[in-house]
Amino acid sequence: MLARATLTGGRAAARPAAAAAPRRPAPRALTLGVVAIAAVLLLPVLGVVVQAVSVGPRRAAHLLSLPLVPELLRNTVTLTAAVTASCAAIGVGAAWLVERTDLPLRPLLAVLLVLPLAVPEFVAGSGWVSLMPRVQGFGGAWLVMTFSLYPWVYLPVAAALRRSDPALDDVARSLGAGPLRRFLRVTLPSVRTAMLGGTLVVGLYLLAEYGTFAVLRFRTFATAIFTQYTLGFDAASASLLTLVLCLMGVLLLGGEYALGGRTRHPGARAARTATRVRLGRATPAALLAMAALVVLSLGVPVGSIAYWMIRGSSTTLPSGSVVGATVESLLLGAGAAAVATALALPVAVLSLRHPSPLSNTLERSAYLVRALPGVAVGLTVVSVAVHHLRPLYQSTALLEAGYVVLFFPLGLVAVRAALARVPAELEDTARSLGESWFGALRRVTVPLLLPGLAAAAALVSLSATTELTATLLLRPTGVETLATQFWLYTSNLAYGAAAPYAAVMVLTSAVPVFLLTRMGLARS
Amino acid sequence: MTSRRQLFPVAGMALAGASVILLAGCGSDAPAPAVKPASREVGSAGTLTVYSGQHQQTVGALVQDFQQRTGIEVHVRSGDEADLANQLLEEGSSTPADVFFAENPPSLGVLDEKRLLAAITPSTLALVPKAASSPTGHWVGVSARAAALVYNTDAPAARDLPTSVLDLEKPQLKGRLGVAPSETDFQPVVTRVIAARGHDGAVAWASALKDNAKVYDSNESLITAVNRGEVAMGMVDHYYWYRMRDEVGAGNVHSALRYFSPADPGGMVDVSGAAVLASSQHRAQAQQFVAYLVSRPAQQIVATSESWEYPLLPGVQDMRLPANAGVADPVVDLGDGREALDLLQQVGLL
């Protein structure tokens, strides 16, 4: 499963004024709509629970006491902790350098630091292994995952730094605080929400990932699940083990909440630009660090694709199938992006404009699917569709629906971040002038939200375009996407033939990624 | 929102750019040769859906030839055989598939257990050695692969290679051996070791293997690691070595294959088989397709393909591969492999 997540905004920069204003009760149509959306999104989780229950306590005890299980659990926990920590450090550090210092080449770096999002993780994993075979095991997984996933922290943190009011920093400076002290006491707290949101996405991704770790010879808990599917053909046992991942996902969601991922702190827009810290003699070192980051996160995978295009004996160039797969992937990605973004809007509106235990639970539950391996989600959709939605089975529409379920959380994070910055007072004014809630949403909120909706669509399309596992299960027979072709060739050791598909995946993903960075950089 | 005004031109440009790419894609896609031959006759005799976990290019060549010969249009769903088997289990009798072309007997066996497979026409089964097909007659063997030891030819160990798969437990191999226990072709070897040594003997063997070996996720990673000298040797099916040689070029091959004797538990020949789904609405065409797979023209395609598997039809030989006596008498009746899987989990290899 290719995780993609957070966004330009940090999540909970809700305005205190908005939170404090007396809220109208949530319109019933909105609540019902969101309940329906959440129900569909939770179908895979429900499917896993139903299958798992059929296992029975004895078999369950046997499965959970297998000798490899403790090691796999330990691997999952340590890797998740290590990668989220390093992603947080790199993401925040890089964002601070680009947004708050006089580092040269900032505009270029602002784009290059986000571009690794355009490289699917399984392409990055294969790239590292084929160029540097020693990159494997825990160290390898840590390295590759950190360099592939840190942009999910960088992006929201950079956006939060750009937005936050420099006044606090100036006050601290006037009181004699040095750059380090100001970073720790002022800057870090102001980006905490954004940072936690980003690390949550990274953490959920790590729980469910299997393919990339397999390539890197690192076995996590997802391995045990795959053993049940691929060697035991035992979906029930696999589901039982998947429940363990679900539980870990719930813990992550709860942990992020407890650490203040939902703190509503002043999200005031900066009226002026912050004074940049002069790096002085530290400039070359900082520049070198950023260059190293770009080379490791972008250079290695791109280099390995180029290497195989030149060195591999097999080739698919020139080929009509590359073009066909590209069109197929882009159309699927665009469709899923449109639907996921449209569905994310009501969920974001309900949770931010009408906060209540129900709306919070509905919103949080949408993230849980990210802790499920793609094969579990795919097989549940197969099962539901083949027995209850037969005409849709193996249709493009069903594949799109699968993408929507998988990547809805990424869209939601982006829409929420944008909605949090739209003053609720504007909607109140519209309503006091006689608009219905829907009218206010349509005529006031949505127009202001467009950049956020575009960011959400970009994130979803980016992920859907490169999704592999669920695509293999759900696509219409005969339809091949860039990811499925890449996989079919690499699984036959035909790296040369696979490379063009990877190259096109990276190139096409670069478009939405570039769009994301431009949105972030736009200033008044 | 202050950023909106600047955003729109950018977003507009990006959208325009994307549309250009899309349109260009559609434009250049149209004249590209379609996968299906344009001949009108294809489809005139019905359609078939084949789920295939087999080598994609070889299946593509087989399907194209079959379509031209029969006019039956074939839709191929290529994927990982285990994914496809799990998908077929979920679909049950509602499956749109008519034929399942697998890579290993266990994925066919599990579908047969659930009574999802139809009997194969006896005349089709009669074409290949009896042992190459299911004892129930519900799937037919199409091609075969031989388990082998791949070893790095530059490593000093190249001279004293183990002669039996049972020797892989010897302590002097510690750190020099690689295994891929999560691959479907590893279980049958374990099943044969259980048969040769008994359960406890096999547990001891597997535990020693765990101590000796580096675990790889796939045979592809394992053979690449042996070829570059990361480990001195490993167990794989023969065709991985040939596919690797095709890709890296003969000049970059630093490894060779050694086959165990047929009597050894490691000296086994396994088959890829095909089955007709019991729920197929196109049974006659499905049987026709499966019969075609073991016919002379199809077996000739297998014998010259990049999949490097042994054809099973007597009289057709892949002249590029060393003769293997086991092909005439493969081992497929190894049960469902559950005992082997449990054993591997018990010792912590899985």
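Positions within a chain are numbered from 1, following the residues in the order the chain's sequence is written. Each chain gets a letter, beginning with A, and each ligand a number, beginning with 1, in the order they are written. Local features in a predicted model are, by the rule used here, given only for residues with pLDDT of at least 70; side-chain atom pairs are given and counted only at 80 or more, and totals for whole chains, interfaces and linings are based on all residues.

### Comments concerning the overall build of chain A
Here comes step 1: Put simply, DSSP H or I for four residues or longer makes a helix, DSSP E for two residues or longer makes a strand, and each gets a number counted from the N terminus. Each helix and strand in chain A was counted, giving 25 helices and 0 strands.
Here comes step 2: The atom set for the radius of gyration is the C-alpha atoms, and the globule formula is 2.2 Å times the number of residues raised to the power 0.38. Its C-alpha atoms give chain A a radius of gyration of 23 Å, near enough to 24 Å, the size a compact globule of 524 residues would have.
Here comes step 3: A principal-axis box enclosing the C-alpha atoms of chain A has dimensions of 65 × 60 × 50 Å.

### Brief notes about the pairing of strand β1 (residues 47–52) of chain B
In summary, the side chains of a regular strand alternate between the two faces of the sheet.
All names here are of chain B.
Here comes step 1: Buried means a residue has 20 or more other C-beta atoms within 10 Å of its own C-beta, exposed means 12 or fewer, and partly exposed covers the counts in between; C-beta atoms are placed from the backbone. Of all 6 residues in β1, 5 are buried; the element is thus mostly enclosed.
Here comes step 2: We treat two strands as partners when DSSP finds at least two bridges between them. Taken together, the 6 bridges between β1 and strand β2 (residues 73–78) define a ladder with parallel strand orientation. Residue pairing in the sheet places V50 in a bridge with V76 of β2.
Here comes step 3: On the question of chirality, the crossover connecting β1 to the parallel β2 by way of helix α2 (residues 56–70) is right-handed. Seen with its strands pointing away from the viewer, a crossover is right-handed when the path leading from the first strand over the helix to the second is clockwise.

### Observations regarding the packing of helix α5 (residues 68–100) of chain A against helix α8 (residues 137–149) of chain A
Think of two packed helices as two axes; the pair is described by the angle between the axes and how far apart they sit.
Residues and elements named next belong to chain A.
Here comes step 1: The geometry of α5 relative to α8 is characterised by a closest axis approach of 9 Å and an angle of 40° between their N-to-C directions. Taken as axis vectors, α5 and α8 run oblique relative to one another. For the pair α5 and α8, the sense of crossing is right-handed. When α5 is examined against α8, the residues L79, A82, V83, S86, C87 and I90 are found in contact with a partner set consisting of F138, A141, W142, M145, T146 and L149.
Here comes step 2: Among the residues forming the contact of α5 with α8, the class breakdown is 10 nonpolar, 2 polar and no charged. In this analysis an axis means a line fitted to C-alpha atoms, helices contributing only their contacting stretch, and an angle means the value between N-to-C directions, from 0 to 180 degrees. We call two directions roughly parallel when the angle between them is under 35 degrees, roughly antiparallel when it is over 145, roughly perpendicular when it lies between 65 and 115, and oblique otherwise. Less than a right angle of anticlockwise turn of the near helix away from the far helix marks a crossing as left-handed, whereas a clockwise turn marks it as right-handed. Remark: residues whose backbone-derived C-beta atoms lie within 7 Å of one another are considered to be in contact. Only Asp, Glu, Lys and Arg are considered charged in this grouping, and only Ala, Val, Leu, Ile, Met, Phe, Trp, Tyr, Cys and Pro are considered nonpolar; every other residue, Gly among them, is considered polar.

### Observations regarding helix α9 (residues 151–163) of chain A
Here comes step 1: An ideal rise of 1.5 Å per residue puts 18 Å on 13 residues; α9 of chain A measures up with 18 Å between its terminal C-alpha atoms.
Here comes step 2: Along α9 of chain A, 13 of the 13 residues are buried, which leaves the element largely enclosed by surrounding structure. Multiplying 1.5 Å by the residue count of a helix minus one yields the expected span of that helix.

### Overview of the nonpolar core
Here comes step 1: Core analysis: the biggest nonpolar cluster contains 280 residues, and V157 of chain A together with V99 and F100 of chain B have the highest contact counts within it.
Here comes step 2: No other element matches the 17 residues that helix α20 (residues 396–419) of chain A contributes to this core.
Here comes step 3: Leaving out residues up to four positions away in the same chain, F100 of chain B has contacts with Y51, L84, L88, L111, A274, A275 and L277 of chain B. The nonpolar core criterion groups buried Ala, Val, Leu, Ile, Met, Phe, Trp, Tyr and Cys residues into a set whenever they are joined through C-beta atoms within 7 Å.

### A few points about unusual backbone geometry
Here comes step 1: Unusually for a residue other than glycine, L493 of chain A sits at a positive phi of about 65°.
Here comes step 2: Within the secondary structure, L493 of chain A is located in the loop between α24 (482–490) and α25 (495–521).
Here comes step 3: Given 27 C-beta atoms within 10 Å, L493 of chain A falls into the buried group.
Here comes step 4: Phi at W308 of chain B takes a positive value of approximately 60°, unusual for a residue other than glycine.
Here comes step 5: Note that W308 of chain B resides in the loop between α10 (296–303) and β10 (310–311).
Here comes step 6: Judged by the 23 C-beta atoms lying within 10 Å of it, W308 of chain B is buried.

### A few points about the confidence of the model for chain A
Here comes step 1: Per residue, pLDDT measures the predictor's confidence, with a range of 0 to 100. Residues at a pLDDT of 70 or more form 91% of chain A, whose mean pLDDT is 86.
Here comes step 2: Confidence, expressed as mean pLDDT per element, reaches its minimum in chain A at helix α1 (residues 16–20) of chain A with 42 and its maximum at α5 of chain A with 95.

### Thoughts on the environment of N75 of chain A
Residue and element names in this part refer to chain A.
Here comes step 1: On the secondary structure map, N75 appears in helix α5.
Here comes step 2: Spatially, the C-alpha atoms of N75 and V202 are 16 Å apart, while their sequence positions differ by 127 residues.
Here comes step 3: Discounting residues that sit within four places of it in the chain, N75 has contacts with F218, R219 and T220.

### A word on the environment of Q54 of chain B
Residue and element names in this part refer to chain B.
Here comes step 1: Within the secondary structure, Q54 sits in the loop between β1 and α2.
Here comes step 2: Take Q54: there are 24 C-beta atoms within 10 Å of it, and that puts it in the buried class.
Here comes step 3: Residue contacts for Q54: discarding those within four places in its chain leaves V59, F101, E103 and S272.

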